[in-house]
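# Inside the fold
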Amino acid sequence: MSYTLAFNSKAENEYIAACMWYEEQAPGLGKRFELEIEKQLQKIISNPLAYHFSKGNFRESLIYHFPFTIVFVINEKDRTIYISSIFHTSRNPKGKYRRNNPQ
């Protein structure tokens, strides 16, 4: 049985803002960022338990070629992966771990 994804609204906003920022820096770079995120999300869906715990029940997956990490929590009961944040690694980690209140 596979997992479904649910985004925290702030995580979704971070994702969109980062895509837009990268696209402004260079045409096509935002799309490349989006593809890397999507590729990593598919890896998480395929095997979410492979990722280490970083704090409490939160797990993390680094994004290749970009300074971001996907922070998520797994709910085994309903087979859902809650994306807590798409976090830029240079930011203050205080905001990295959020309660999961998908949209």
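Cut-offs and rules
- Residues numbered from 1 in each chain as written.
- Predicted model: local features only at pLDDT ≥ 70, side-chain atom pairs only at ≥ 80, totals over all residues.
- Heavy atoms only, no water.
- Helix = DSSP H or I, 4+ residues; strand = E, 2+ residues; numbered from the N terminus.
- Pairing = 2+ DSSP bridges.
- Axes fitted to C-alpha atoms, helices over the stretch in contact; angles between N-to-C directions.
- Contact = heavy atoms within 4.5 Å.
- Buried < 20%, exposed > 50% of the residue type's maximum accessible area, 1.4 Å probe, protein only.
- pLDDT = per-residue confidence, 0-100.
- Phe/Tyr/Trp six-rings, centres within 6.5 Å; stacked < 30°, edge-to-face > 60°.
- Lys NZ or Arg CZ within 6 Å of the ring centre and 35° of its normal.

### Things to note about unusual backbone geometry
Non-glycine residue His65 carries a positive phi angle of around 75 degrees. Looking at the element boundaries, His65 is found in the loop between β3 (58–62) and β4 (68–75).

### Observations concerning the sheet that holds strand β5 (residues 80–88)
Ordered by their spatial adjacency, 5 strands build an open sheet running β1-β5-β4-β3-β2, and the pairing between neighbours is mixed. The open sheet has two free edges, formed respectively by β1 (4–7) and β2 (53–55), since each of these has just one partner strand. Each neighbouring strand pair of the sheet contributes to a mean axis angle of 40 degrees, computed without reference to strand direction. Judged from the 2 bridges that link them, β2 and β3 form a sheet pairing that is antiparallel. Within β3, the residue paired with Phe53 across the bridge is Arg59. Contacting β1, β4 and β5, helix α1 (residues 9–25) runs over the sheet at an angle of about 45 degrees to β5. Packed on one face of the sheet, helix α2 (residues 29–46) meets β1, β3, β4 and β5 and runs near 30 degrees to β4.

### Quick word on the pairing of β4
Taking burial as the measure, the 8 residues of β4 include 7 buried ones, the bulk of the element. Bridge count between β3 and β4: 4 bridges; the pairing is antiparallel. Bridge pairing in β4 places Ser61 opposite Ile70. Where β3 hands over to β4, the hairpin turn is made up of 5 residues, of which His65 adopts a positive phi near 75 degrees. By the bridge criterion, 8 bridges tie β4 to β5 in an arrangement that is antiparallel. In the sheet register, Val73 faces β5, and the bridge partner there is Tyr82. Linking β4 to β5, which pair antiparallel, is a turn of 4 residues; within it Arg79 sits at a positive phi near 55 degrees.

### Quick look at the environment of Gly30
Mapping Gly30 onto the fold places it in helix α2. It is 14 Å that separates the C-alpha atoms of Gly30 and Tyr64, two residues lying 34 residues apart in sequence.

### Here's the deal with the confidence of the model for the chain
On average, residues of the chain score 90 in pLDDT, and 93% of them are at 70 or above. Element-level mean pLDDT values for the chain span from 90 in β2 up to 96 in α2.

### Side note on the packing of aromatic side chains
Counting across every chain of the model gives 9 aromatic pairs. Measuring from ring centre to ring centre gives 5.1 Å for Phe33 and Phe66, while their planes differ by 80 degrees; the resulting arrangement is edge-to-face. Residue Phe33 is found in helix α2, and its partner Phe66 is found in the loop between β3 and β4; the two are separated by 33 residues along the sequence. No difference in accessibility class separates Phe33 from Phe66, as the two residues are buried. Taken together through their ring pairs, the aromatic side chains of Phe7, Tyr15, Trp21, Tyr22, Phe33, Phe66 and Phe68 make up a single cluster. The ring of Phe53 carries Arg59 above its face, with NZ or CZ at 4.0 Å from the centroid. Positioned over the ring face of Tyr3 is Arg79, at 4.0 Å from the centre of the ring.

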